[in-house]
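Observations on the model geometry
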Amino acid sequence: MLNRRNISTPVYLVRETALRRNLDLIADVHRRAGVKIIMAFKANALWRTFHIMREYGIACTASSLNELRLGHEFLTHDVHSYTPAYTPETIDTFIAGSTHITFNSLGQWQRFGDKVKAWNSIRPDSHISAGLRVNPRCSVVETDIYNPALPGSRFGEPAEALAGGLPDGIEGLHFHALCEGSADDLRLVLEAFESQFGHLLDKVKWVNMGGGHLMTREGYDTDALVATLLSFRERHPGVEVILEPGSAFTWRTGDLLTSVVDVMENDGVRTAIIDASFACHMPDTLEMPYKPAITEAVEPDGTLPSYRLGGNSCLSGDFTGDWTFAAPLQAGDRLTLEDMNHYTTVKTTMFNGLQHPDIALEHADGSIEMLRQFTYDDYRSRMS
């Protein structure tokens, strides 16, 4: 039987108990606040765990035709679609497969809105509800690459574009201005949203408050979140509220288990090379950047050995650090890079031909089920 002692590395290891903990909390917020909370595939598309999410009735948001298909095949047929730009080649499939569809701009609605109206007139029993993304220009995101409300943002219409009201056929408003945000962050954005777009709220059926609500993070004030959402619903009765977090569903639910394959020193810098890659398997560590916690690391005291970790690719910048350990690292040592499920597995690449880490699920009894192992054929198929 596979367990943590005998599983090969590198491997993304998802913990069922942690996943259910997050789902229980999200279900509780849904019940107490009376809002709909759906999962964004951009943070997690590990469909081999979706049977667990189906127990909780989780719906999804899709931003590509592949995500749309994934939702129908492995979650529910309640799929909310949004992409910065639909095309003549994709719009019909999005309309046919979505329950809600959000347009990023008035230009997109002008181009494709008649298709939505035609669908609803021909198939009233499968009505698709159209929405428009708006930009409240309220920024509480520190890292620019993840900030959708920066000046000049390509996401959503500003308030002045809707001074004359909403186009006929638009039934919802969508905004997304958070990244790993708190309940206070949502409150600030919501104040900006209502001050700019409040005159439209008695004309819509729903408001989608987007993602970035990191309600499963330790210390997050879920009571404040519920109070904010209930207050909004009291001010705007009859308007359905939708949240679509990504990270919250799989926050701290999985790790990347990796092994040291070599240790070297150059110009006084000690590097432990691992059998994984930051560029290929953990790109957020280079994009943000941020330094993941390592279970085996300790706090530095000036005497213990410290190392940067280097990925096993030929990219010069494939490294990050530093971490301190109780004893010198050597080839064969195992390291556990924590919280490497959300936004990590979906960004994994095979640059340099590096194999993807395996993907496994650790059940509540401690047994490990191997969900996916990658081969040369996977690499080749990406090149063809």
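Here goes a summary of the coordinates provided. What you are looking at is a predicted structure, and each value in this text was computed from that prediction instead of being measured.

1. With respect to the overall build of the chain
- Each helix and strand in the chain was counted, giving 11 helices and 17 strands.
- In terms of overall size, the chain behaves like a compact globule, its C-alpha atoms giving a radius of gyration of 23 Å where 384 residues would be expected to give roughly 21 Å.
- Along the longest, intermediate and shortest principal axes, the C-alpha atoms of the chain span 65 × 45 × 40 Å.
- Looking at the chain as a whole, 53% of its 384 residues qualify as buried.
- The contacts of the chain with a sequence gap of at least 6 include a subset with a gap of at least 24, amounting to 71%.
- Accessible surface, the chain as shown: approximately 17300 Å² in total, 50% of it carbon and sulfur.

2. Topic: the nonpolar core
- One finds Ile101, Phe103, Phe193, Val207, Met209, Met215 and Leu229 to be the most contacted residues of the largest nonpolar core, which totals 68 residues.
- No other element matches the 7 residues that helix H6 (residues 183–197) contributes to this core.
- The residues contacting Phe193, other than those within four sequence positions of it, are Val134, Pro136, Leu173, Phe175, Gly198, Leu201, Val207 and Phe232.

3. Examining the sheet that holds strand S5 (residues 79–82)
- Strands sit in the order S2-S10-S9-S8-S7-S6-S5-S4-S3 across an open sheet of 9 strands; the sheet is parallel. Looking along the sheet, the strands with just one partner apiece sit at the ends: strand S2 (36–37) and strand S3 (39–40).
- As judged from the 4 bridges shared by strand S7 (residues 129–133) and strand S8 (residues 170–174), these two strands associate in the parallel manner. When the bridges of S8 are listed, Arg133 appears paired with His174.

4. Some words on H6
- With 15 residues, H6 ought to run about 21 Å at 1.5 Å a step, and its terminal C-alpha atoms sit 20 Å apart, in line with that.
- Listed in full, the buried residues belonging to H6 are Ala183, Asp185, Leu186, Val189, Leu190, Ala192, Phe193, Glu194 and Phe197.
- Buried residues in H6 make contact with S8, strand S9 (206–208) and helix H7 (222–235).
- Its side-chain oxygen at 3.3 Å from the backbone nitrogen of Asp184, Ser182 defines the N-terminal cap of H6.

5. Digging into the side chain of Glu171
- Here Glu171 lies in strand S8.
- Once residues within four sequence positions are removed from consideration, Glu171 is found in contact with His127, Ser129, Ala130, Val204, Lys205 and Trp206.

6. Focus: the packing of aromatic side chains
- All told, the structure shown has 8 aromatic pairs when counted by the stated rule.
- Centre to centre, the rings of Tyr86 and Phe94 are 5.0 Å apart; their planes meet at 75 degrees, and the pair counts as edge-to-face.
- A relative accessible area of 2% means that Phe94 is categorised as buried.
- Site record: aromatic cluster; members linked through ring pairs are Tyr86, Phe94, Phe103 and Trp109.
- One residue, Arg48, lies across the ring of Trp47, its end atom 5.8 Å from the ring centre.
- Residue placement shows Arg270 over the ring face of Tyr307; its charged tip is 5.4 Å from the ring centre.

7. Comments concerning the packing of H6 against H7
- At a minimum axis separation of 9 Å, H6 and H7 run at an interaxial angle of 20 degrees. Classified by the angle between their axes, H6 and H7 sit roughly parallel to one another. In the crossing of H6 with H7, the sense of the turn from one axis to the other is left-handed. Across the interface between the two elements, Ala183, Leu186, Arg187, Leu190, Phe193 and Glu194 from H6 touch Ala224, Leu225, Thr228, Leu229, Phe232 and Arg235 from H7.

About the thresholds
- Residues numbered from 1 in each chain as written.
- Predicted model: local features only at pLDDT ≥ 70, side-chain atom pairs only at ≥ 80, totals over all residues.
- Heavy atoms only, no water.
- Helix = DSSP H or I, 4+ residues; strand = E, 2+ residues; numbered from the N terminus.
- Rg over C-alpha atoms; globule rule 2.2 N^0.38 Å.
- Buried < 20%, exposed > 50% of the residue type's maximum accessible area, 1.4 Å probe, protein only.
- Contact = heavy atoms within 4.5 Å.
- Areas by Shrake-Rupley, 256 points an atom, 1.4 Å probe, with all protein chains shown as cover.
- Core = buried A, V, L, I, M, F, W, Y, C linked by side-chain atoms within 4.5 Å.
- Pairing = 2+ DSSP bridges.
- Expected span 1.5 Å × (residues − 1).
- Polar contact = N/O pair within 3.5 Å; in protein donor to acceptor, adjacent residues only side chain to side chain.
- Phe/Tyr/Trp six-rings, centres within 6.5 Å; stacked < 30°, edge-to-face > 60°.
- Lys NZ or Arg CZ within 6 Å of the ring centre and 35° of its normal.
- Axes fitted to C-alpha atoms, helices over the stretch in contact; angles between N-to-C directions.
- Parallel < 35°, antiparallel > 145°, perpendicular 65-115°, else oblique.
- Left-handed = near helix turned anticlockwise from the far one by under 90°.

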